[in-house]
Amino acid sequence: MNASHDTRLPIGVFDSGVGGLTVLRALRQALPQEDLIYLGDTARLPYGTKSRSSISRYAGQATAQLQDRGIKLLVVACNTASAVALDALKEQVKPLPVIGVVEPGATAAVATRPGGRHLVLATEATVRYGAYREAILRRDKLAEVRELACELMVSLAEEGWTAGSIAEAIIRRYLEPLADMDFEPHSIILGCTHFPLLRPAIERVVSEGTAIVDSASTTASVAAALLAEDGLLNAQQGPGRLQLMATDGASRFARVGGRFIGEDLDASDIELVDL
Ligand code: DGL
């Protein structure tokens, strides 16, 4: 167990790949003075099609790697790992605080409209475990929730094919079952950390006025509030340091990850680790 009361320790963030960098970006905006250490388990991406036991094992190993480096807060920047393994991860690192992305995402969705119709776009595993449905209905009993697994959208985001006719055709195809369900959503929840990159394409396909909910900024607000409450905010002057790790493919991580984080990344700055 690390000394989690050391305010100078970084915030640890992990995802199955580069998608969690959308959450990291929001954390940097909300908490610019904090050091951050990010791990993308690129060797084993995607998590979303795997079994509960594999996802739990992978998430546990990624968590252990970050905890070994010394962190004061763990942010599980992967909806799939948050949906499947959050309680086990909390148990693993106790008393280190842990935040997942599903609960903040549900808070943001419910805030868009009381008793609203919410559509969750996510991975197969996130849909299978119904974590968003449960989290939304716990906050708003009158809400209606539908969930669609959209695996190919993870690949689109990883490949950088986030705009144009191919992306829009794939999104349209995934949304087709809505017509049969007779379900016109008030909000669409980007229930996978890869999907914020596809937001403009999603907005072009859905009806005008549909709220698009991204859990990244809500997760960052929850992290900021938690650090303040626990007296864990880093008082250093100037911007925090960023350390990036991946389990495979430093060049690809830098190339694709740069789009997610919104700045150029250099492959030589990505540390390769074996879990
Ligand atoms: N980033 C993951 C999530 O938020 C999706 C990618 C994967 O399937 O590993 O669920």
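Residues numbered from 1 in each chain as written. Predicted model: local features only at pLDDT ≥ 70, side-chain atom pairs only at ≥ 80, totals over all residues. Heavy atoms only, no water.

Student: Talk me through the overall build of the chain; I want residue IDs and the actual numbers.
Tutor: When you go through the chain residue by residue, the secondary structure sums to 12 helices and 10 strands. Each of the three principal axes of the chain carries a C-alpha extent, and together these read 50 × 40 × 40 Å. Looking at the chain residue by residue over its 275 residues, the buried ones come to 56%. Counting only contacts in the chain whose residues sit at least 6 apart along the sequence, the fraction spanning at least 24 positions is 79%. Put simply, the chain shows about 11,800 Å² of open surface, and 49% of that area lies on carbon and sulfur atoms. (Helix = DSSP H or I, 4+ residues; strand = E, 2+ residues; numbered from the N terminus. Buried < 20%, exposed > 50% of the residue type's maximum accessible area, 1.4 Å probe, protein only. Contact = heavy atoms within 4.5 Å. Areas by Shrake-Rupley, 256 points an atom, 1.4 Å probe, with all protein chains shown as cover.)

Student: So what's going on with the sheet that holds strand β6 (residues 144–149)? Residues and values would help.
Tutor: Across the sheet, which stays open at both edges, the 4 strands sit in the order β6-β5-β7-β8 with parallel pairing between neighbours. In this open sheet, the two edge strands, each paired with only one partner strand, are β6 and β8 (211–214). Neighbour-to-neighbour, the strand axes of the sheet open up by a mean angle of 25 degrees, direction not taken into account. This element, helix α6 (residues 131–139), spans β5 (117–122), β6 and β7 (187–191) of the sheet and lies at about 165 degrees to β6. (Pairing = 2+ DSSP bridges. Axes fitted to C-alpha atoms, helices over the stretch in contact; angles between N-to-C directions.)

Student: I'd like a rundown of the nonpolar core, residues and numbers included.
Tutor: Membership of the largest hydrophobic core comes to 40 residues, with the highest contact counts inside it found for Phe14, Leu66, Leu74, Val76 and Ile136. At the level of elements, β2 (36–40), α2 (52–69), β3 (73–76), α3 (79–93), α4 (102–112), β5 and α6 are the ones that each hand at least two residues to this core. Ranked by the residues each element gives to this core, the list is headed by α3, at 7 residues. (Core = buried A, V, L, I, M, F, W, Y, C linked by side-chain atoms within 4.5 Å.)

Student: Can you lay out the site of the ligand for me, pointing to particular residues and giving the numbers?
Tutor: Neighbouring the ligand are 14 residues; Ser16, Tyr47, Gly48, Thr80 and Thr193 lie closest to it. Between a nitrogen atom of the ligand and a side-chain N or O atom of aspartate 15, the distance comes to 2.9 Å. The separation between an oxygen atom of the ligand and a polar side-chain atom of threonine 80 is 2.6 Å. In the complex, 100% of the free accessible area of the ligand, which totals 300 Å², lies under the protein chains. Here the residues of the shell around the ligand sort into 6 nonpolar, 7 polar and 1 charged. (Near = heavy atom within 4 Å. Polar contact = N/O pair within 3.5 Å; in protein donor to acceptor, adjacent residues only side chain to side chain. Nonpolar A, V, L, I, M, F, W, Y, C, P; charged D, E, K, R; others polar.)

Student: Now, about the sheet that holds strand β1 (residues 11–15): what can you tell me, with residues and values included?
Tutor: Spatially, 6 strands are ordered β4-β3-β1-β2-β9-β10 in an open sheet, and the strand pairing comes out parallel. Strands at the two margins of the open sheet, each flanked by one partner only, are β4 (98–100) and β10 (270–272). Each neighbouring strand pair of the sheet contributes to a mean axis angle of 20 degrees, computed without reference to strand direction. α2 rests against β1, β2, β3, β9 (242–246) and β10 of the sheet, and its axis sits at about 155 degrees to β1.

Student: Explain the packing of aromatic side chains to me, and be specific about the residues and the numbers.
Tutor: Here the structure, examined in full by the defined rule, presents 2 aromatic pairs. Ring centres 6.1 Å apart and planes at 55 degrees place the aromatic pair tyrosine 38 and phenylalanine 253 in the tilted group. Of this pair, tyrosine 38 sits in strand β2 while phenylalanine 253 sits in helix α12 (residues 250–261), and the two are 215 residues apart along the sequence. Overall, the relative accessible area of 0% leaves tyrosine 38 in the buried class. For phenylalanine 253, a relative accessible area of 1% corresponds to the buried category. On the numbers, 5.5 Å between centres and 45 degrees between planes, the contact of tyrosine 47 with tyrosine 58 is tilted. You can see tyrosine 47 sitting in the loop between β2 and α2 and its partner tyrosine 58 sitting in helix α2, a full 11 residues away along the chain. With respect to class, tyrosine 47 is no different from tyrosine 58; both count as buried. (Phe/Tyr/Trp six-rings, centres within 6.5 Å; stacked < 30°, edge-to-face > 60°.)

Student: Talk me through unusual backbone geometry; I want residue IDs and the actual numbers.
Tutor: In this structure, proline 46 follows leucine 45 across a cis peptide bond, with omega equal to 0 degrees. As for its placement among the helices and strands, proline 46 is situated in the loop between β2 and α2. With an omega of 5 degrees, the peptide bond running from lysine 94 to proline 95 counts as cis. Position of proline 95 relative to the elements: it lies in the loop between α3 and β4. At aspartate 182, a position not held by glycine, the phi torsion is positive, near 55 degrees. Position of aspartate 182 relative to the elements: it lies in the loop between α9 (177–181) and β7.

Student: Please set out the environment of leucine 119 residue by residue, giving values where relevant.
Tutor: Residue position: leucine 119 is located in strand β5. Judged by its relative accessible area of 0%, leucine 119 falls in the buried class. Counting along the chain gives 56 residues from leucine 119 to leucine 175, while the straight-line C-alpha distance between them is 9.7 Å.

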